[in-house]
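Spelled out, the chains give:
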Amino acid sequence: MKDSYGRSITYLRLSVTELCNLRCRYCMPAEGVCKLRHDQLLTEEEMLTAVRAAASLGITKVRVTGGEPLTKPNILSICRGVARTEGIREVVITTNATLLAGLAAPLREAGVRRVNVSLDTLDPEKYARMTRLGRLDDALRGIQAALDAGFERVKMNAVLIGGFNDGEIPALAELTRKWPVDMRFIELMPMPGNQEFGPDNYIPVSRVLDALPDAVPEREDGVARLYRLPGAQGRIGLISPLSQRFCGECNRIRLTADGKLKPCLHSAEEISLKGLTEDGMRERMRLAILGKPECHGELSAERRSMAARNMNQIGG
Ligand code: SAM
Ligand code: SF4
């Protein structure tokens, strides 16, 4: 359905857990998060009911996210259920890939069409420092498994952080020559819990083009502006939530693991679906879509997101 500003809302980001096996500094606090009580979380059945309600309102694409979705014991069954929902044409997943080596093929069989993998650096020490817990090798093994499993597309996402990985832009971009993957650079977003980052860390994605003078523009793809390096198999994507907001093209709503619908990533507004019937969920979803704001406020090191949660509690 269309929201009050004429945008067709066709995309649901479904967070299946807040928990994660990593602790990326820009995403969640070192101590992790308070584990919600079991009865506060959506059950698998409630998630699938919400997806059915969403599909009946015109949602056709579902991204399964988290926290780390692959830490969820019933992740394959959730993905299979979403993929079988009438009206849902695309099921995709976002993961840090550290558990993907053993799950890539089963996820593909469960009906997941594409995978987005988060990878901010190719330096094992920097990877360990930024994720606090992770090993780069595990992620690389997961990416290789995704490439072998026959997904329609594998995209890589790097959060661009001044003083951390801006010197690695050419090396990360080279992955599009080595593998048939898109490499997307995303501006760091100032969420409530990542206050350790200062003005120097927030750099615009235009820096990517400064570092890649050979990149040739291609068409836009959703929120990403696309480029290609000569001879590359995949594309370079620039996603600019700070320097060039894309609210006018926003086609998405979000559902958190504890059942809160978020009409806008950077607003504190949340609408609970927990415990409702499919009809009840559909009605609240309809109201949430109609109440989706036209745009969120400006974001910068000084002007933080109004979201009342960190990214692991939203799903990106
Ligand atoms: N654990 C999975 C992963 O890392 O891909 C899925 C959940 S994670 C919250 C989804 C995406 O949000 C990741 O690509 C991550 O890099 C991105 N993200 C988290 N915090 C962010 C921030 N402050 N600014 C920009 N992107 C962020
Ligand atoms: Fe976990 Fe993903 Fe957040 Fe990193 S970005 S802490 S992998 S949820």
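For the structure given in this document, a descriptive report is provided here. (Residues numbered from 1 in each chain as written. Chains lettered and ligands numbered in written order. Predicted model: local features only at pLDDT ≥ 70, side-chain atom pairs only at ≥ 80, totals over all residues. Heavy atoms only, no water.)

1. Points about the site of ligand 1
Put simply, the rule is: The rule for a residue being near a molecule or strand is that one of its heavy atoms must lie within 4 Å of it. Nitrogen and oxygen atoms within 3.5 Å of one another constitute a polar contact, given that in protein one can donate a hydrogen and the other can accept it, and given that sequence-neighbouring residues count only through two side-chain atoms. Put simply, DSSP marks the helices as runs of H or I at least four residues long and the strands as runs of E at least two long, and each gets a number from the N terminus on. Here the term charged refers only to Asp, Glu, Lys and Arg, the term nonpolar to Ala, Val, Leu, Ile, Met, Phe, Trp, Tyr, Cys and Pro, and the term polar to all other amino acids, Gly among them.
Close to ligand 1 lie 20 residues, the nearest being Tyr26, Gly67, Glu68, Ser118 and Met189. The contact in question runs from a nitrogen atom of ligand 1 to an N or O atom on the side chain of Asn194, over 3.3 Å. Mapped onto the shell around ligand 1, the elements with two or more residues apiece are strand E3 (90-95) and strand E5 (153-160). By residue class, the composition of the shell around ligand 1 is seven nonpolar, 11 polar and two charged.

2. A few points about the site of ligand 2
As a structural note, the neighbourhood of ligand 2 is formed by Cys20, Leu22, Arg23, Cys24, Cys27, Met28, Gly67 and Asn96. A breakdown of the residues in the shell around ligand 2 according to their chemical character gives five nonpolar, two polar and one charged.

3. Concerning the sheet that holds strand E11 (residues 260-262)
Whenever strands of a sheet pair, they do so through backbone hydrogen bonds, lying parallel or antiparallel. Keep this limit in mind: A strand pair is defined by DSSP finding two or more bridges across the two strands. By definition, residues are in contact when any of their heavy atoms lie within 4.5 Å. Only C-alpha atoms enter the line fits that serve as axes; for helices the fit covers just the stretch in contact. Angles between N-to-C directions range over 0 to 180 degrees.
Strand order in the open sheet formed by 12 strands is E7-E8-E9-E6-E5-E4-E3-E2-E1-E10-E11-E12, with mixed pairing between adjacent strands. Edge positions in the open sheet fall to strand E7 (216-221) and strand E12 (271-272), since each of these has one partner strand only. Bridge count between strand E1 (residues 11-15) and strand E2 (residues 61-65): five bridges; the pairing is parallel. Note on E2: the bridge partner recorded for Tyr11 is Lys61. With respect to the sheet, helix H1 (residues 44-56) is in contact with E1, E2 and strand E10 (252-255), its orientation differing from that of E1 by roughly 170 degrees. Against the sheet, helix H6 (residues 169-178) touches E5, strand E6 (181-187) and strand E9 (236-239), its axis set at about 145 degrees to E6.

4. Overview of the nonpolar core
This is how it is decided: By nonpolar core we mean a set of buried residues, namely Ala, Val, Leu, Ile, Met, Phe, Trp, Tyr and Cys, connected to one another through side-chain atoms within 4.5 Å. Accessibility here uses a 1.4 Å probe with only protein chains present; expressed as a share of the type maximum, an area under 20% marks a residue as buried, one over 50% as exposed, and anything in between as partly exposed.
Counting 94 residues, the largest nonpolar core has Phe185 and Ile236 as the members making the most contacts within it. Considering every element that reaches this core, the biggest residue donor is H1, with seven residues. Ile186, Ala224, Leu226 and Ile239 belong to the second largest nonpolar core, which has five residues in total.

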